[in-house]
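# Coordinate inspection notes
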Amino acid sequence: MAALGIAAPAAAQSTDAAAEDRSASSNAIVVTATRREQTLQEVPVAVSVVSGELLDNSGVSGVDQISQAVPSVTFTQGNNENNSSLNIRGIGTNVFSSGVEPSVSIVFDDVVMARAGQGFQDFIDVQRIEVLRGPQSTLFGKNASAGVVSVTTKDATDYLSGEFDAMYAEGNEYQVRGSVSGPITEGVAARVSGFYKQFDGMSDNLFNGDTYNGYEAWGVRGKVQIEATDNFSLEFIGDYRNSVSTPTFVLAKVLNPTVAEVNKPLEIDLTNTDVNVNTPPRSDSEQWGAQMNAEYLFGNDFVLNSTTAVRSYDFQNNIDVDATPALAPPADRSYFLWDLNKGTNNLTQYSQELRLESPDLGGFDFLIGAFAYHVDLDSTFQRRWVQRNAAGNVVPRSGQFSSNNKTTNLAAFVSGNVYLGDLNLFGGLRVLHEKLEWSVLRDPADVVVTGDIALPGAAGQAADFSGSASDTAVTGNIGARYDFGAGNVYASYARGYKGAGVNTAFASLEGTEPVEPETVDAFEVGAKVSTWDDVFSVNLALFYTQYQNYQAQAQRPNDITFELANAGEISTKGVEIETVFQPSKLTTFRLGATYMDAKIDEFPGGPCYSGQTEAQGCVNDAQDLSGADLPNAPEFRLTGFARQTVPFGDSSPVDGFVQGNFSYQSSVQFALDQNPLARLDDYWLVNASIGIESKDDNYSISLFVRNLFDQNLPQALSYSTAGGGRLTAQTWRNQERYFGLQGRFSF
C-alpha cells in the first residue's frame with residue numbers, strides 16, 4: 001500500500017496525455033455481449049470485462065480461476081474437471097450425470113462448450129473475457145440460464161509480431177506460452193499459439209511418497225484470417241489440448257475411528273492437503289476443435305455472419321474413494337476398500353449459427369439469426385469395492401455401466417433497438433426446439449473381476465432402457481436505456497431457459513424420468529457512469545432472478561448414490577458494483593463487490609442430511625428446505641486490483657512496477673441438504689508482485705507471491721456416508737503461500 005502511494009505526484013501530469021495512454025478506459029473497451037460490437041459503457045447488460053493483460057497481471061490462467069477477477073462468479077471444484085462448475089450470482093449446476101448441461105455457458109470464440117469440463121481451458125492469447133451476468137437465453141441461447149463466460153482470443157496481425165512468457169514457482173510449477181502472428185500473403189494472416197505447463201502437486205501421499213493434485217498439460221491453437229474481397233472475409237480456427245492430472249480429494253474430518261486409525265500419521269482437519277492412499281488418482285482429457293467464421297458485408301451495410309464448428313472431448317478418470325492405504329478390508333464393516341471408481345466420457349458436438357445484422361435504419365436496427373446444435377455423448381463407468389460380510393469373509397463386489405446422451409437444439413432469434421433521442425428501447429425473442437435422447441445399459445452379471453458379485457442397491461440392478469423428451473420454448477428480453485451526459489441507466493426483463501436433463505449416472509434405474517427444464521424470470525436495473533476524461537467509471541446493477549424447476553442433486557441419508565431432482569423454486573437477488581479509477585497512465589485501481597441473497601424459495605420435500613433428526617427438521621426422510629442457502633453462494637464477495645508504475649527516469653530503458661490483487665468471500669454452504677459440516681468460513685486471497693518492464697512494453701520480469709497471508713482453506717467441501725461418515729475437501733493451488741518468477745517478451 002505504501003508503494004501504491006507513489007501515485008500522488010504522478011497525478012499532476014497533463015490530463016490530455018494521461019487520457020491518451022489510459023488502457024483501462026471503460027469507454028474504449030469493445031464487447032460483444034449483444035452480439036454486436038459496443039463499448040462496455042454503452043451496452044445495457046451487466047457484464048464484467050477482463051482483458052488478457054489483466055488476466056496475466058492477476059495470475060489468472062484458466063476459466064476455473066476467473067472468480068479471482070469477477071466478484072459475481074464462484075467456482076465449485078470437484079474431483080475432476082467434469083465434476084466442477086461455475087456459479088454466477090449464486091446459480092450453477094454441479095451434478096454427476098452426463099445427461100445434464102451447465103447453467104453457466106462457457107463460450108470460446110462464439111462456440112458454446114456442451115459440458116463444463118470442456119470449458120475449463122487454459123488461457124492462450126486471450127484478447128478479453130466477458131462475463132455476462134444473469135440469463136442470456138435470447139442471444140446466446142444454449143444452456144445460459146445463469147449467465148455466460150465468453151472468451152475471445154486475439155486476431156492475427158498483418159505485420160510480424162510475437163509474444164512469449166514463462167513462469168516458475170515453488171513446487172516445481174512452470175509454464176511457457178507463446179504466439180507468433182503475421183501475414184502469409186496479400187490479404188491472408190495467421191496466428192499460432194501454444195502452451196506447456198506442469199506442476200508436481202501439493203498433496204503428499206504418505207503411502208508411497210508420491211505427490212498428487214498436480215498436472216501436466218499442453219495445447220496449441222491456430223488461426224488463419226482471409227480478406228477474400230473488400231466485402232467478404234473468412235476465419236479458420238483449430239485448437240488441440242491434452243491434459244494429464246492427479247486430482248483427488250483430501251480428508252477434512254472422519255467420524256469412523258477405524259478410518260482415522262488406518263490413516264495414521266495423516267493429520268485430518270480442514271487445513272489438511274495430504275493423502276494416504278494405495279491407488280494413485282488419474283484424470284486425463286483430450287479435446288480438439290475446428291471452426292470456420294465467415295462474414296459478408298452487403299452493399300447496403302447489412303452484415304451476414306456464419307459460425308460453423310465441430311468439437312471433440314475425451315475424458316477418463318479414477319480415484320481411490322475409500323481414501324485409505326488399506327490393502328485388505330478391516331473387520332469393521334462400516335467401511336470397505338474402494339479403489340476402482342473409473343469413468344470415461346467421449347463427446348462430439350456440432351454447431352452452426354447464422355446472424356444477419358442491420359445497420360442503423362433511421363432510428364432502429366435489428367439482428368436476426370438461426371442456430372443448430374447437436375451433441376453425442378458416450379459414457380462408461382466401473383466400480384469395485386471389497387468388504388467383509390457378517391461372518392468375516394471377504395466379499396468383492398463390482399459392476400459396469402454405459403450410457404449415451406444426445407441433445408439436438410434448433411432455434412431462431414431476433415433482437416432490435418429503437419432509438420428515440422436519448423432513449424433506447426431494446427428487446428428480442430428466441431424460439432427453440434430441443435430433443436433429449438438417452439440410453440442406459442447395466443448388467444449385474446457383468447462384473448469387473450471374475451468371481452465378484454454384483455454391487456448392492458440400485459448400482460447392482462439390471463438396467464436396459466432408453467427414452468427421449470422434447471420441448472419447445474420461447475425466451476426473450478425487453479428493456480430501456482436512457483443516455484445522459486456522463487453515462488446511462490437501464491432497466492430490463494429477461495426470460496431464461498435451460499433444457500431438460502436426465503439422470504444417466506451409474507445408479508440410474510429403469511423408469512427414470514427426466515427433470516423438467518429450468519425456466520428463469522430476471523429483472524435488472526443498472527447504471528453506467530464515467531467522468532468526461534474517463535479517469536473514473538462505475539457500473540452498478542440491482543437484480544432479482546427467480547428460477548422454476550432448478551436442476552440439482554443431493555445424497556439421500558445412508559446412501560452413497562446421488563439423485564437428480566428439480567429443487568422447486570429458487571431466487572437470487574442483490575447488488576453489484578464495479579469501478580475503475582485511473583488517475584494517470586501510471587496508476588490503476590479496480591474494485592468489484594457483489595452482495596447477493598441466493599435462496600431456495602420452495603422445496604418442501606428436500607433431502608435430509610446424514611444424521612439429521614426429526615427435531616432438526618427431518619420427517620420421513622425429507623425436510624423443508626424453503627429459505628435455505630444455495631450451494632456455494634456467498635452473501636458477499638469482493639475483488640480488487642491495483643498497479644503502480646514507478647518511473648526510473650528518462651535515461652533508464654526500464655521502469656519499475658508494483659501490483660496486487662485480492663478476492664474475499666463470506667462463508668458458504670456447499671451442500672443442498674444444508675449439512676452443517678459442509679459450511680466453509682470466509683477467507684481472503686491476496687496476491688502481489690514487483691518487477692521491471694521496458695518503456696516500450698516489449699519485455700518485463702517480476703517476482704510474485706500468491707496467497708500472501710497463507711490462508712489455508714480448501715476450495716470446496718462435501719459430506720458423504722462412505723467409510724462410516726466423512727467430510728472431504730478439494731485442495732487448490734492457492735491454498736498455501738508460494739513464490740515465483742515470471743518473464744515476458746514481445747516484438
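All of the points below concern the structure found in this document. (Residues numbered from 1 in each chain as written. Predicted model: local features only at pLDDT ≥ 70, side-chain atom pairs only at ≥ 80, totals over all residues. Heavy atoms only, no water.)

What follows deals with the sheet that holds strand S40 (residues 716–720). Overall, antiparallel pairing links the three strands, which are arranged S17-S41-S40 in an open sheet. Looking at the sheet topology across the chains shown, the edges are occupied by strand S17 (250–254) and S40. Each adjacent strand pair in this sheet contributes to an overall mean axis angle of 25 degrees, direction not counted. Summarising the sheet, S17 and strand S41 (residues 726–730) pair through four bridges and their orientation is antiparallel. What sits directly across from Val254, in S41, is Arg726. (Pairing = 2+ DSSP bridges. Helix = DSSP H or I, 4+ residues; strand = E, 2+ residues; numbered from the N terminus. Axes fitted to C-alpha atoms, helices over the stretch in contact; angles between N-to-C directions.)

So, on to a nonpolar patch on the surface. Together, Leu361, Phe364, Val418, Leu420, Leu423, Leu425, Tyr482, Phe484 and Val489 make up an exposed nonpolar region whose accessible area comes to about 710 Å². Of all the secondary structure elements, the ones that give two or more residues to the nonpolar patch are strand S22 (394–420), strand S23 (423–442) and strand S24 (463–484). If you trace the backbone, Val418 turns up in strand S22. Assessed through its relative accessible area of 36%, Val418 is described here as partly exposed. (Patch = residues over 30% accessible without salt bridge, like charges linked within 9 Å, V, L, I, M, F, W, Y side chains within 5 Å. Areas by Shrake-Rupley, 256 points an atom, 1.4 Å probe, with all protein chains shown as cover. Salt bridge = Lys/Arg side-chain N within 4 Å of Asp/Glu carboxyl O. Buried < 20%, exposed > 50% of the residue type's maximum accessible area, 1.4 Å probe, protein only.)

This brings us to the sheet that holds strand S3 (residues 47–51). In spatial order, the strands read S3-S8-S9-S6-S7; together these five strands make up an open sheet with mixed pairing. Looking at strand neighbours, the two that pair on one side only are S3 and strand S7 (111–112), the edges of this open sheet. As paired strands, strand S6 (residues 104–108) and strand S9 (residues 147–153) are joined by five bridges and run parallel to one another. Bridged to Val104 within S9 is Gly147.

According to the stated counting rule, one finds 22 aromatic pairs in the structure shown. Ring geometry for Tyr664 and Trp684: centres 4.7 Å apart, planes at 40 degrees, overall tilted. With Tyr664 in strand S35 (residues 654–665) and Trp684 in strand S38 (residues 683–694), this residue pair connects regions lying 20 residues apart in the sequence. In this structure Trp684 comes out as partly exposed when scored by relative accessible area, which is 40%. One aromatic cluster is present, built from ring pairs that chain together Phe636, Phe662, Tyr664 and Trp684. The ring of Tyr738 is capped by Arg733, whose NZ or CZ atom sits 3.6 Å from the centre of that ring. (Phe/Tyr/Trp six-rings, centres within 6.5 Å; stacked < 30°, edge-to-face > 60°. Lys NZ or Arg CZ within 6 Å of the ring centre and 35° of its normal.)

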